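# Survey of secondary and tertiary structure
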Amino acid sequence: MTEQSNSTNRTRLCLVTAVDVEFKTATALLAEKTVSAESNFKICRGTVGDRRITILHCGIGARGFADWLTQHLTENRYDALIVVGLAGALVPRLKTGDVIVYDHCLDDRGAIEELTPTDLPIQHSHRQAELIRTLLGALRETSLNCVYGSGITVNHVVVNAQDKLWMGQQHQAVAVDMESFDVLQVAAKCGVPAAVVRVISDEAEHDLPDFNSAAELDGTVNPRRMAAAMLQRPVASARFLRNLKPALAALRNVLEVVVRV
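Here is what the cut-offs are and how they apply
- Once a new chain begins, its residue numbering starts again from 1 and follows that chain's sequence as written.
- In keeping with the model being predicted, local features are shown solely for residues with a pLDDT of at least 70 and side-chain atom pairs are shown and tallied solely at 80 or more, while totals for entire chains, interfaces and linings include all residues.
- Calculated side-chain values reflect all of the structure's heavy atoms, with hydrogen atoms and water omitted.
- The way it works is that DSSP assigns letters per residue, a run of H or I at least four long becomes a helix, a run of E at least two long becomes a strand, and they are numbered from the N terminus.
- For every residue, the accessible area obtained with a 1.4 Å probe (protein chains only) is divided by the maximum for its type, and the residue is called buried under 20%, exposed over 50%, and partly exposed between those limits.
- Note on areas: Shrake-Rupley with a 1.4 Å probe; residue coverage comes only from the protein chains shown.
- All tallies of charge rest on Lys and Arg as positive and Asp and Glu as negative; His and the ends of each chain are not included.
- Here the site of a charge means atom NZ of a Lys, CZ of an Arg, CG of an Asp or CD of a Glu.
- Within this scheme, the nonpolar core is defined by two criteria: the residues are buried Ala, Val, Leu, Ile, Met, Phe, Trp, Tyr or Cys, and they are joined through side-chain atoms within 4.5 Å.
- Note on contacts: a residue pair is in contact if any heavy atoms of the two residues lie within 4.5 Å.
- Where helices are involved, their axes are fitted lines through C-alpha atoms of the stretch in contact, as for all axes, and angles between N-to-C directions lie from 0 to 180°.
- In this scheme, roughly parallel covers angles under 35 degrees and roughly antiparallel covers those over 145, while 65 to 115 is roughly perpendicular and the rest are oblique.
- Put simply, a crossing is left-handed when the front helix is turned counterclockwise from the back one by less than a right angle, and right-handed when it is turned clockwise.
- Polarity classes work like this: nonpolar for Ala, Val, Leu, Ile, Met, Phe, Trp, Tyr, Cys and Pro, charged for Asp, Glu, Lys and Arg, and polar for all others, with Gly in that last group.

### Points about the overall build of the protein chain
The number of helices and strands found in the protein chain is 7 helices and 10 strands. Along the first, second and third principal axes, the C-alpha atoms of the protein chain reach 55 × 40 × 35 Å. Relative to its full complement of 261 residues, the protein chain shows a buried share of 54%. For the protein chain, the accessible area works out to roughly 12100 Å², and carbon and sulfur atoms hold 51% of it. Side-chain charges in the protein chain split into 27 positive and 30 negative, and the spacing between the mean points of these groups amounts to 5 Å.

### A word on the nonpolar core
Grouped together as the largest cluster of nonpolar side chains are 35 residues, with contacts concentrated most on L15, I82 and V254. The leading source of residues in this core is helix α7 (residues 234-258), at 8 residues. Once residues within four sequence positions are removed from consideration, V254 is found in contact with V84, V99, L139, L144, V197 and V199. Core analysis: the next-biggest nonpolar cluster, separate from the first, contains 34 residues, I43, L56, Y102 and A204 among them.

### Thoughts on the packing of helix α1 (residues 20-27) against α7
Relative orientation of the contacting elements α1 and α7 amounts to 45°, with a least axis distance of 10 Å. Viewed along their axes, α1 and α7 adopt a mutual orientation that is oblique. The handedness of the crossing between α1 and α7 comes out as right-handed. Where α1 approaches α7, its residues V21, E22, T25 and A26 are matched on the opposing element by L248, L251, R252 and L255. For the contact of α1 with α7, the class distribution of residues is 5 nonpolar, 1 polar and 2 charged.

### Brief notes about unusual backbone geometry
Of note, the phi angle at E32 is positive, near 50°, even though the residue is not glycine. Despite not being glycine, Q172 shows a phi value in the positive range, around 55°. For Q172, the location among the structural elements is in the loop between α4 (161-171) and β9 (175-177).

### Concerning the side chain of S201
Tracing the chain through its elements places S201 in strand β10 (residues 194-202). Judged by relative accessible area, S201 falls into the buried class, the value being 8%. When sequence neighbours within four positions are dropped, the list of residues in contact with S201 reads L86, A87, T96, N243 and A247.

### Structural notes on the packing of helix α6 (residues 223-232) against α7
Two elements in contact, α6 and α7, have axes separated by 5 Å at closest approach and are oriented at 115°. Judged by the inter-axis angle, α6 sits roughly perpendicular to α7. Seen from α6, the contacting residues are M230, L231 and Q232; seen from α7, they are P234, S237, F240 and L241.

### What about the environment of G219?
Summarising the element assignment, G219 is placed in the loop between β10 and α6. Classification of G219 by relative accessible area gives buried; the value is 7%. Residues G219 and A18, 201 residues apart in the sequence, show an inter-C-alpha distance of 7.9 Å.

So this is what it looks like as structure tokens:
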């Protein structure tokens, strides 16, 4: 459903989440919420105070999401778009529960590309810079450890510590995810100021279970294959599950700030 530009003067914010637990954590903060599906992607619309919030569930690197997001942003008006979710650390100084606001994002799914504020029209760049400054200021007023650094988008879960550390050194990036570059690129094309806020869920010096075997093309996770992957790396799995609780607690704290910025 298309929102008419004259329907309300309240701030409109769009949040993009990837995995189901991020989507559920975000939607739990909304009042007057409704959940629907468009082109196989879940949407939750609701309010926080005087703000209208739309939360999109894009899946883990789901095929077709960029095209659908382009259509969605063409048909719906937002004052800002923010990617909020979990990420892997690429440098040892970042620990579980730390927060990263991206200063720019790299694409490492082929030839290296970089999306920075200088790629944007001047007026749009100013609006985006102001959004990022506001987010940084608000997050740094909390008890969370919040850093400003570069992220990188890849087409697979980076599961080995050696690979994470190499990627961080090679590209001077501090965090890795599978969605941010496309979302920022689409938002820029549609003239919507956008930012990325990520919470560290796995540290650079720790291996992960091979979750790639559990990922479906539509961005969902196959529970049976995920369980099998975790059984193959029991130590890494136990550590991942142990760290997930504080990471999600930090994510909720981040979301409580983001929806009010």
